[in-house]
Amino acid sequence: MSTPLVLTYVGFFVMAAITLGGALMAVSARNLIRAALGLIIALIGIAGIYFVLEAEFVAVVQILVYVGAISILILFAVMLTRGLMKRDLPAQNAQWIAAAFISLAMFAALLYVALSTNWRAVETQVAGDLIPKLGTELMTTYLLPFEAVSLLLLAALVGAIVIARE
Amino acid sequence: MPVDYLPILVMIAIVTAFAVIALTLSAMTGPRRPNPTKLSPYESGMPPFGSARRRFSIKYYLTAVLFILFDIEIIFFYPWAVLFRDLGWFGLSAMGTFMLVLLIGYVYVWRKGGFEWD
């Protein structure tokens, strides 16, 4: 059963609203912990957009890594930094004009790319569940890279200990 | 198919509506007689001490980094786990090798005292 188009639109706009609301909260909150919470909401909304776009694995990774791990790292960074836990930090500093300018330029560039790109619909639809396919590929074609990932994670583990011991 | 995730969208709608209705109704109809005990973070709990806004120990840094690494490890389990029965012994040994390398890291962290507070 394919998804009715109207449902895709509803899903997209709900998720886009959650993302935008969270992002606004992240940039406007006076309290840094609240700003981090807003960022988490925005990241959840992005995961929802991935679900709507039929990228289930990316959505799950988004929740596990960004909502689960990166946000924890950000919260820890706030809690471990001297002075960042004060009640009302100023939300702006002298760099806000430069930051606004760069953000606007970035937005303009992204808008230009989004509007000028010739977005083509995918002609061949991949049938069935994608995650089992991904698992099969991971265990056959990409077995060596898969095992190499464990070495990368091992190096990161050792690195974390070495840095923490110093 | 996104339509398979429709229940999640419905659940988000129901949860949001429930939270809004419950909070609005209780704010509108409930009496409000605050006292210090009611306003404490954990009523009938441990009395809070110190400020919640002090800086946390840097030792949490290691906890956070280790958590992230093992969290990323879980992602690689997911596509494997949905195929666990089809892959049979081959899949199990492939994942076993993956796990073994990470187990070396786990033992290393353990031996270096990464799980100890002091």
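Residues numbered from 1 in each chain as written. Chains lettered and ligands numbered in written order. Predicted model: local features only at pLDDT ≥ 70, side-chain atom pairs only at ≥ 80, totals over all residues. Heavy atoms only, no water.

Notes on the nonpolar core
Inclusion rule: To qualify as a nonpolar core, a set must consist of buried Ala, Val, Leu, Ile, Met, Phe, Trp, Tyr and Cys residues joined through side-chain atoms within 4.5 Å. Exposure classes here rest on a 1.4 Å probe applied to the protein chains alone. A residue is buried below 20% of its type maximum, exposed above 50%, and partly exposed in between. Numbering of helices and strands runs from the N terminus, with a helix taken as a DSSP run of H or I at least four residues long and a strand as a DSSP run of E at least two residues long. Between two residues, a contact is recorded if the distance between any of their heavy atoms is within 4.5 Å.
Formed by 21 residues in total, the largest nonpolar core has its most connected members in Met139(A), Phe146(A), Leu153(A), Leu157(A), Phe76(B) and Phe98(B). Of all the secondary-structure elements, those providing two or more residues to this core are α5 (130–139) and α6 (143–165) of chain A together with α3 (60–81) and α4 (84–111) of chain B. With near-sequence residues (within four places) excluded, Leu153(A) lies in contact with Leu69(B), Ile72(B), Glu73(B), Phe98(B) and Leu102(B).

Observations concerning the packing of α3(B) against α4(B)
All names here are of chain B. So the rule is basically this: Under this scheme, a helix contributes an axis fitted over its contacting stretch, all axes are lines through C-alpha atoms, and angles between N-to-C directions fall in the 0 to 180 degree range. Roughly parallel here means an angle under 35 degrees, roughly antiparallel means over 145, roughly perpendicular means 65 to 115, and every remaining angle is called oblique. Charged means Asp, Glu, Lys or Arg here, nonpolar means Ala, Val, Leu, Ile, Met, Phe, Trp, Tyr, Cys or Pro, and polar covers whatever is left, Gly included.
Two numbers describe how α3 lies on α4: the axes approach to 10 Å, and their chain directions differ by 170 degrees. Between α3 and α4, the crossing angle belongs to the class labelled roughly antiparallel. In this structure, α3 uses Leu66, Phe70, Glu73, Phe76, Phe77, Trp80 and Ala81 to contact α4, whose residues at the interface are Phe84, Leu87, Gly91, Leu92, Met95, Phe98, Met99, Leu102, Tyr106 and Val109. Residues that form the contact of α3 with α4 fall into these classes: 15 nonpolar, 1 polar and 1 charged.

Comments concerning α3(B)
Counted only if it meets this: The span you would expect from a helix comes to 1.5 Å times its residue count less one.
Compared with an ideal rise of 1.5 Å per residue, which puts 22 residues at 32 Å, α3(B) spans 31 Å between its outermost C-alpha atoms and is within 8% of the ideal. Those residues of α3(B) not exposed but buried are Leu62(B), Ala64(B), Val65(B), Leu66(B), Ile68(B), Leu69(B), Asp71(B), Glu73(B), Ile75(B), Phe76(B), Pro79(B) and Trp80(B). Residues of α3(B) that are buried in the fold lie against α3 (56–80), α5 and α6 of chain A together with α4 of chain B.

Looking at the domain arrangement of chain A
Cut-off, in case you're wondering: Reported domain spans reflect what an automatic or database domain assignment gives.
The assigned domain composition of chain A is domain 1 (1–85) and domain 2 (129–166). On a C-alpha basis, the centres of domain 1 of chain A and domain 2 of chain A stand 25 Å from each other.

Quick word on the packing of α6(A) against α3(B)
The geometry of α6(A) relative to α3(B) is characterised by a closest axis approach of 10 Å and an angle of 175 degrees between their N-to-C directions. Relative to α3(B), the element α6(A) lies roughly antiparallel. In contact with Phe146(A), Val149(A), Leu153(A), Ala156(A), Leu157(A), Ala160(A), Ile161(A), Ile163(A), Ala164(A) and Arg165(A) of α6(A), α3(B) contributes Tyr61(B), Leu62(B), Val65(B), Leu66(B), Leu69(B), Phe70(B), Ile72(B), Glu73(B) and Phe76(B).

As for the side chain of Glu147(A)
We count it as follows: Neither His nor the chain ends is counted toward charge; the positive residues are Lys and Arg and the negative residues Asp and Glu. Salt bridges are defined as contacts in which a side-chain nitrogen from Lys or Arg sits within 4 Å of a carboxyl oxygen from Asp or Glu.
Take Glu147(A): it is sitting in helix α6. Buried and unpaired, Glu147(A) has no salt bridge, with Arg85(B) as the nearest side chain of opposite charge at 20 Å. Ignoring sequence-local partners within four residues, the contact set of Glu147(A) consists of Ala94(B), Thr97(B) and Phe98(B).

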